[in-house]
Amino acid sequence: MDASNPPPAQEPLARDDRASGSDGAVLTVNDLRVCFAGDRTTTTAVDGVSFTLRKGRSLGVVGESGSGKSVSSLAVLRLLPTDSAQISGEILFAGQDLLSIGEKQMRNLRGNQISMIFQEPMTSLNPSYTVGDQVAETILRHRSVSKAEAWTQAVEMLRLVRIPSPETRARQYPHNLSGGMRQRVMIAMALACEPQVLIADEPTTALDVTIQAQILDLLENLKSTTGTAIVLITHDLGVVAEACDDVIVMYAGQVVESGSVEQIFSFPQHPYTVGLLGSLPRLDEERDELVAIGGTVPDMTQPPAGCRFAARCPFRIEKCAETPPMLEVNPGHTSRCWRTPLEELADEF
Amino acid sequence: MSFETTSSQPPLLVASDVSKHFTLRRTIFGRPLTKVRAVDDISFSLQPGETLAIVGESGCGKSTLGRVLMRLIEPSAGAVTLDGVELTALSNRDMLAQRSKIQLVFQDPYASLNPRMTIGQTVGEPLMLHNVVPKAQRAERVKELLKMVGLRPEHASRYPHEFSGGQRQRVVIARALASEPKILVCDEAVSALDVSIQAQVLNLLKSLQKKLGLAYIFISHDLSVVKHIADRVAVMYLGKVVELGETRKIFSTPRHPYTRALLSAIPAAHLGHGRDTAAHALAGDLPSPIDPPSGCRLHTRCPHARPECKAVDMSLDVEADGHANACAFWKELPQTDDLLGKGRATDPRLAKLFAAFSNPLPEGEQAPC
Ligand SMILES: Nc1ncnc2c1ncn2[C@@H]1O[C@H](COP(=O)(O)OP(=O)(O)OP(=O)(O)O)[C@@H](O)[C@H]1O
Ligand SMILES: Nc1ncnc2c1ncn2[C@@H]1O[C@H](COP(=O)(O)OP(=O)(O)OP(=O)(O)O)[C@@H](O)[C@H]1O
Ligand code: SF4
Ligand code: SF4
Ligand SMILES: [Mg+2]
Ligand SMILES: [Mg+2]
């Protein structure tokens, strides 16, 4: 079946229009903070993150390993360990703050209106049920269909995510499948409920490039046919350029830059993003030497005062000892750096 | 069969008709029942100071080939010759002596370092094993090696957990360099690293190559990294090399439908990419390597397949410039132009900002490497 066709035998779900605000915002995160209390130290994993996700758009989240990408998304789903994680801020979805609703209500939203594809697929599938049963189970929970019908739809979903011979595969257990196929089963489960928000944490990292291309097409298709808003966490800037509309760049627990894909790839406004783009080998350009950002990320048990990128930044000045605010450089394009707009800096070098 | 580059130097490494078949099941009499042809009849050569990349989808046999070249795995058939010595004919004991010339750097810098050994002990171990320098000079040599990979000599007394991912991969490289090899086999050596750290390690590999004349077998699934680092590329599919040629030509005028499919699937970090995957996309999934399709192994997925493809052999057709590919009908395939699309040129002001990152950092605490 062609990926450009929606799965058959399936009614488009009636959308709850209250879910999206007048500006099309489906999910709004305001000043999210997450700390993990350890024995003696506290790690600040997410420190004042804000972003808005709009209906039918996809938001790419990029950043150094450990910058808080996964923790932010787990916080949205309230899946962080309640004993060690301290969470504050606001997560607005369908007119309510997800941080203050009850656990039962949250369970209803999770894997229903908001669903997630996790970074490690093996840990999130149940080893003792066939993959077909697991997808059918998700469908049963969200659509009023018979068991037989749910199974048929589950097989269709597996076909949609490009699992070969889905009728046979549906009867197999997770350990019978390759890592790439398990990841596709996860994606099928996440899509089965036609969520309003899909959070995908490195969904294609474990996949070969040919399958990755198919999955990205599939997500694009989902976005345009059902209006699902997508958060795509990835370290691959190529994936962001291709699959996203907007981007936030994270560094040491903070959003340091935010804007449209077009804005950020044509002229980034935060030095970390500049380094990140420069460190990427390009297919269409010869680059003799890649930009290597020297140094390491700060220790988040004691985040440095002032700009968190300062120790690695070639554009650092005295003022950078003070904490830079998020400044709007161009309409819709903001950066947490004292020296914006960076175009003007270029003349100094 | 072999493909020499135009260079007049004798090749450093030659693989001739190398195969590795893993036996999965045997009869009670020990006769093999099921076999995986992980590497099937592969030939190529590597010049001193050259980088040959091996690319292809997961399970196509890249790591197996890399390990067979080093005789970490015994080939089922074929010969590997390093510097005029046929490795595949050596006793285990003689092989040990040759092992210093070809070293492996693999994916996970966390798993490949012993957490209880200091960096100095880790890097010094091969010096002792291969008796590279007299005992009295070992400590000095460890410091030189650490400096060579951009670490500080005083790091010798520290333990792996005190280092970042990029620094650990530098330690792994320093250790591989200790025995003064001529070839490094890098198996997904930068794949687990953040892009900014990956860039450090790629720059390091390039500069070491210039300085020491090292040759690399660079195994990777990341085609933009491969384009950046390799002189030549071998593309593998289900145990077979389907295309082999100069990097520039592989990327600009790929011959084989499989190479075209791989290239058209790469997401590119520039705008206006306008990828047209559909025309080159493969149908279905990778078949099982246990029972690969007959004839051309790509025929079950190839957009250009015709009935004859089920019976053709996959020998390489070599053009005058050495560019080789295994599609029996490649001359009849549609032209490929601009598979990768054209990105927008980098703003010259942005290029200046990129350059600023290679300047020393302003005063204050320096970055550690
Ligand atoms: N359950 C936990 N308890 C304590 N610390 C945690 C926990 N989960 C994450 N952290 C810490 O929070 C920080 C952010 O981690 P996170 O997983 O969000 O990073 P990430 O940006 O997703 O990185 P990657 O790209 O490697 O996936 C890290 O310093 C991590 O060690
Ligand atoms: N020791 C072994 N026993 C049996 N089969 C093996 C063994 N090692 C590898 N194989 C099989 O040989 C084939 C090639 O494996 P190999 O690890 O070389 O692939 P690869 O190209 O390196 O893949 P990846 O990109 O996933 O690392 C696979 O089908 C694999 O399952
Ligand atoms: S605020 Fe200063 S140190 Fe921070 S990124 Fe901007 S220029 Fe660099
Ligand atoms: S021989 Fe046939 S199936 Fe194989 S690559 Fe060429 S056209 Fe495709
Ligand atoms: Mg993560
Ligand atoms: Mg491998």
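Just so it is clear, the model here is predicted, and its values are computed rather than measured.

### Description of the confidence of the model for chain A
Argument step 1. Here chain A shows a mean pLDDT of 87. Residues at 70 or above account for 93%.
Argument step 2. Every residue in residues 1-19 of chain A scores below 50 in pLDDT, and together they form 32 contacts with partners more than four places removed in sequence or on other chains.

### So, the interface of chain B and chain A
Argument step 1. Contacts between the two partners involve 58 residues from chain B, matched on the other side by 64 residues from chain A.
Argument step 2. Of the roughly 5200 Å² buried between chain B and chain A, counting both surfaces, carbon and sulfur atoms make up 61%.
Argument step 3. Counting only elements with at least two residues in the side of chain B that touches chain A, the list comes to helix 6 (195-212), helix 7 (223-229), helix 9 (257-265) and helix 10 (348-356) of chain B.
Argument step 4. Taken together, the residues of the side of chain B that touches chain A sort by class into 28 nonpolar, 17 polar and 13 charged.

### Some words on the site of ligand 2
Residue and element names in this part refer to chain B.
Argument step 1. Taken together, F22, L24, V36, A38, S58, G59, C60, G61, K62, S63, T64 and P289 make up the full set of residues adjacent to ligand 2.
Argument step 2. In this structure, S58 approaches ligand 2 through a side-chain N or O atom, which is 2.6 Å from an oxygen atom.
Argument step 3. Side-chain polar atom of T64 to an oxygen atom of ligand 2: 2.5 Å apart, as the coordinates give it.
Argument step 4. Protein chains bury 61% of the 630 Å² of accessible surface belonging to ligand 2 in isolation.

### Describing the site of ligand 1
Residue and element names in this part refer to chain A.
Argument step 1. In the vicinity of ligand 1, the residues found are F36, A45, E64, S65, G66, S67, G68, K69, S70, V71 and Q119.
Argument step 2. The separation between an oxygen atom of ligand 1 and a polar main-chain atom of G68 is 3.0 Å.
Argument step 3. For ligand 1, the accessible surface in isolation is 640 Å², of which the surrounding protein chains cover 63%.
Argument step 4. Top contributing element to the shell around ligand 1 by residue count: helix 1 (residues 69-76), with three residues.
Argument step 5. Tallied by class, residues from the shell around ligand 1 come to three nonpolar, six polar and two charged.

### Some remarks on the pairing of strand 4 (residues 77-82) of chain B
It is a general feature of regular strands that their side chains alternate between the two faces of the sheet.
Residues and elements named next belong to chain B.
Argument step 1. Sheet topology places strand 1 (residues 13-26) next to strand 4; five bridges connect them, and they run antiparallel. Its bridge partner being in strand 4, A15 is matched across the sheet by V80.
Argument step 2. Relative to strand 5 (residues 85-86), strand 4 runs antiparallel, the two sharing two bridges. Note on strand 5: the bridge partner recorded for L82 is V85.
Argument step 3. Linking strand 4 back to strand 5 in an antiparallel pair, the connection comprises two residues, with D83 at a positive phi of about 55°.

Reading guide: rules and limits
Throughout, residues of each chain are indexed from 1 in the direction in which the sequence is written. Just so you know, chain letters begin at A and ligand numbers begin at 1, following the order they were written in. For a predicted model such as this one, the threshold for reporting local features is a pLDDT of at least 70, and the threshold for listing and counting side-chain atom pairs is 80 or more; totals across whole chains, interfaces and linings nevertheless cover every residue. Calculation of side-chain values draws on the structure's entire complement of heavy atoms; hydrogens and water are dropped beforehand. Note on scores: pLDDT gives the predictor's confidence for each residue, bounded by 0 and 100. Contacts: residue pairs with any heavy atoms within 4.5 Å of one another. Once two parts are joined, some of their accessible surface, as seen by a 1.4 Å probe, is lost; buried area is that loss totalled over both. Runs of E in the DSSP output that reach at least two residues are strands. Runs of H or I that reach at least four are helices, and both are numbered from the N terminus. Residue polarity follows a fixed list, in which Ala, Val, Leu, Ile, Met, Phe, Trp, Tyr, Cys and Pro are nonpolar, Asp, Glu, Lys and Arg are charged, and the others, Gly among them, are polar. Whether a residue is near a molecule or strand is decided by its heavy atoms; if any one of them lies within 4 Å of it, the residue is near. Counting of polar contacts relies on pairs of N or O atoms within 3.5 Å, with two restrictions inside protein: one atom must be capable of donating a hydrogen and the other of accepting it, and residues adjacent in sequence are counted only when both atoms are side-chain atoms. Reported accessibility uses the Shrake-Rupley method at a 1.4 Å probe radius. Residues are deemed covered only where the shown protein chains occlude them. Each pair of strands is called paired provided DSSP finds at least two bridges between the two strands.

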